[in-house]
Amino acid sequence: MTMKEYGVALVTGAGSGIGQETAIHLAEKGARVIVTDISEAGISDTVRKIEALGGVALGQRLDVSDPDDIEAAFAAAERWDKCVDILVNNAGIVNIQTFLEFTAKSWHQVMDVNLTGSFLCAQRAARDMIGQSYGRIINMSSVSGLRAGVGRTAYGTSKAAIIGLTRQIALEMGPYGITANAIAPGPIMTPLIEATYSEETIARLLPMIPVGRFGSCSDIAEAVCYLASPKTGYVNGEILTVDGGYASAGMTQTGTLDLAKGKNK
Ligand SMILES: NC(=O)c1ccc[n+]([C@@H]2O[C@H](COP(=O)([O-])OP(=O)(O)OC[C@H]3O[C@@H](n4cnc5c(N)ncnc54)[C@H](O)[C@@H]3O)[C@@H](O)[C@H]2O)c1
């Protein structure tokens, strides 16, 4: 792939985990990457890793819930006389509380980052992309947006809403050569997962993943690169589950079949 093909990519929450790996993968594909995050240390780390591989990146602090930050981050692309060709709405947070205890403050905190942040960044990106009749918007949903999980009142709802937002953008922006797709990752080993899953939860979850392992950041980054490719312009409004088969399974997803009795063990 050449640099021209992928153009300029802006990745939110690119200082850690999935976002960092995605920024690196896009740079390896030849994209010039605007690495954004609220963590200055994370930004520097990702930019350094991209440059060490011979890629091109610039770091920009961006809190996705702050419209002024968003404006500044998108303006950074002007340094390359370009607008952003690829937006990866990856920044996300999770607050775990039971439904009955969930506070409005906690709810708004998650919604502001996961949902409103994705909306504001996508809208800002699309306004530029329209001028060049080309763009790729990739939103990070989750299997938590497809299936409920204990404690995920705000997180799960925000990720389900991202699926709706993605379809909305796909419909209204498709005529302008701008595609919008979402990825629904299953459990991926990142700082976010380490902070929310106990060892017992991890042990319980593993048998429910048909491929028998947790995902890696690279698994998700590869899927982002597919959706960000100039060659996948007919893929629009799609929710790509990348979860080792987890969400495909139903009630009898664990255990084996007792063939003699025709029953599940
Ligand atoms: N790890 C998983 O198993 C998993 C599964 C499904 C979906 N996801 C989604 O993937 C995305 C990345 O998750 P991760 O596991 O790599 O998490 P992570 O915690 O490792 O990284 C998230 C990054 O977002 C940044 N961030 C937080 N608030 C921000 C804000 N207001 N503005 C900008 N950046 C902000 C953090 O500083 C961090 O660098 C999230 O949207 C998450 O919901 C993760």
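Model, not experiment: these values are computed from the prediction.

Counting residues in hydrophobic clusters, the biggest one holds 63 residues, and the most contacted among them are Ala 9, Ala 23, Leu 26, Val 33 and Val 224. Top element by residues in this core is helix α9 (residues 217-228). It accounts for 8 residues. Look past the residues within four positions of Ala 23 in its chain and what remains in contact with it is Val 11, Ala 14, Val 33, Val 35, Thr 46, Ile 50 and Ala 57.

As a further point, take unusual backbone geometry. Its identity is not glycine, yet Asp 81 carries a phi of approximately 55 degrees, on the positive side. Examined against the element boundaries, Asp 81 turns out to sit in the loop between α4 (67-75) and β4 (86-89). Residue Asp 81 is classed as exposed on the basis of its 7 C-beta neighbours within 10 Å. Residues other than glycine seldom take positive phi values, yet Ser 133 does so here, at roughly 50 degrees. Its place among the elements puts Ser 133 in the loop between α5 (104-132) and β5 (135-140).

For the rest of this paragraph, the subject is the site of the ligand. Neighbouring residues of the ligand: 29 residues in total, closest Gly 13, Ser 16, Gly 17, Gly 92 and Thr 190. Every element with two or more residues in the shell around the ligand is listed here: α2 (17-28) and α7 (191-196). Classifying every residue of the shell around the ligand by side-chain character gives 14 nonpolar, 13 polar and 2 charged.

Once that is clear, we can look at the sheet that holds strand β2 (residues 32-37). Adjacent strands of a sheet pair through backbone hydrogen bonds, lying either parallel or antiparallel. Pairing within the open sheet is parallel, and its 7 strands lie in the order β3-β2-β1-β4-β5-β6-β7. Both outer strands of the open sheet, β3 (56-61) and β7 (239-242), are each paired with one neighbouring strand and no more. Neighbouring strand axes in the sheet, compared pairwise and without regard to direction, differ in orientation by 20 degrees on average. Taken together, the 6 bridges between β2 and β3 define a ladder with parallel strand orientation. Bridging across to β3, Ile 34 finds its partner in Leu 58. Sheet contacts for helix α3 (residues 40-52): β2 and β3; angle to β3, the most-contacted strand, approximately 175 degrees. The strands that α4 touches are β1 (8-11), β2 and β3; relative to β3, the one it contacts most, it runs at about 160 degrees.

About the cut-offs
Residues numbered from 1 in each chain as written. Predicted model: local features only at pLDDT ≥ 70, side-chain atom pairs only at ≥ 80, totals over all residues. Core = buried A, V, L, I, M, F, W, Y, C linked by C-beta atoms within 7 Å. Buried ≥ 20, exposed ≤ 12 C-beta atoms within 10 Å, placed from the backbone. Helix = DSSP H or I, 4+ residues; strand = E, 2+ residues; numbered from the N terminus. Contact = placed C-beta atoms within 7 Å. Near = placed C-beta within 6 Å. Nonpolar A, V, L, I, M, F, W, Y, C, P; charged D, E, K, R; others polar. Pairing = 2+ DSSP bridges. Axes fitted to C-alpha atoms, helices over the stretch in contact; angles between N-to-C directions.

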